[in-house]
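Given next are the chains, with one letter for each unit.
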Amino acid sequence: DGYESRGNSYRHQGQFDEAIPDYNHALQLKSDYALAYYYLGLTADLEGQYDTAIATMGKYIEMQPKDPDGFAERGLDYFEKGQYPQAIADFNKALELQPNRAYALVERGSAHFLAGQTSQAAADFELAIGVNPASPTAVYAALWLHIAKMRLHQEGNEELREVAQKADLSSWPGPVLKFYLGQMTEDELMAAA
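Computed from a predicted model, the values in this text were never measured in an experiment.

### Let's talk about the nonpolar core
One finds Phe-125, Val-163 and Leu-177 to be the most contacted residues of the largest nonpolar core, which totals 35 residues. Breaking this core down by element, the ones donating at least two residues are α5 (68–80), α6 (84–97), α7 (102–114), α8 (118–131), α9 (136–151), α10 (157–166) and α11 (174–180). Looking at which element gives the most residues to this core, the answer is α9, with 7 residues. Those residues in contact with Val-163 that lie beyond four places of it in its chain are Ile-129, Pro-133, Ala-138, Val-139, Ala-142 and Leu-177. Grouped together as the second largest cluster of nonpolar side chains are 15 residues, Tyr-33, Ala-36, Tyr-37 and Leu-42 included.

### Description of helix α1 (residues 2–12)
Residues of α1 that are buried: Glu-4, Gly-7, Asn-8 and Arg-11. All buried residues of α1 fall inside an arc of 105° around its axis, so they share one side. As for α1, its buried residues are in contact with α2 (16–29) and α3 (34–46).

### Re the packing of α9 against α10
It is the contact of α9 with α10, at a shortest axis distance of 8 Å, that shows an interaxial angle of 165°. The orientation of α9 with respect to α10, classified from their angle, is roughly antiparallel. Considering the relative orientation of α9 and α10, their crossing is left-handed. Residues Ala-138, Val-139, Ala-142, Leu-143, Leu-145, His-146 and Lys-149 of α9 form the contact with α10, whose participating residues are Asn-157, Glu-159, Leu-160 and Val-163.

### Quick look at the packing of aromatic side chains
Inspection of every chain in the model, using the stated rule, returns 6 aromatic pairs. Here Phe-79 and Tyr-84 contribute two aromatic rings whose centre-to-centre distance is 5.6 Å and whose plane-to-plane angle is 65°, an arrangement assigned as edge-to-face. Using a relative accessible area of 16% as the deciding quantity, one classes Phe-79 as buried. On the numbers, 6.4 Å between centres and 85° between planes, the contact of Phe-179 with Tyr-180 is edge-to-face. You can call Tyr-180 partly exposed: its relative accessible area is 35%. An aromatic cluster is present here, built from Tyr-38, Tyr-39 and Tyr-60 joined pairwise through their rings.

About the thresholds
Residues numbered from 1 in each chain as written. Predicted model: local features only at pLDDT ≥ 70, side-chain atom pairs only at ≥ 80, totals over all residues. Heavy atoms only, no water. Core = buried A, V, L, I, M, F, W, Y, C linked by side-chain atoms within 4.5 Å. Buried < 20%, exposed > 50% of the residue type's maximum accessible area, 1.4 Å probe, protein only. Helix = DSSP H or I, 4+ residues; strand = E, 2+ residues; numbered from the N terminus. Contact = heavy atoms within 4.5 Å. Arc of directions from axis to C-beta. Axes fitted to C-alpha atoms, helices over the stretch in contact; angles between N-to-C directions. Parallel < 35°, antiparallel > 145°, perpendicular 65-115°, else oblique. Left-handed = near helix turned anticlockwise from the far one by under 90°. Phe/Tyr/Trp six-rings, centres within 6.5 Å; stacked < 30°, edge-to-face > 60°.

In structure tokens:
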């Protein structure tokens, strides 16, 4: 659809006020246009309108119940609202549909961590690292795992060193990992940020 395509162009340029009417117009023309709901939900999320994003992504999920993206995106919106049980439920569904989705593992782990479920969080971060230890997502997972293990009074540097050997630490969040390992000063970290 032309309206959905133009809305995507506006969204990619950060022009959310122009994107939303295009998605809505696409839905007026075709009320069962699932992708328009998906992109409308993404745009609402980018604007910080999490209730709207949750409701809109819910419509997308009704139409596309086998797409893990809808659940993962709605889980992020629940996470942003601090509704961790709902976020965890959506990340569970996304992972049921696509088990090796490292980003969803990190997000579910983060929700567990903030909900006070540190052991479950650590398990998710370990799984996320295992998906692709060389990825930026693994770097985030290793950092979170380090923090979770500190809270559990366990040593957490092993995973940091393991991921550091495999990942590209020249791009973000690599400098944070180098800082945690003592390979970068605070001033160097701030300059990298």
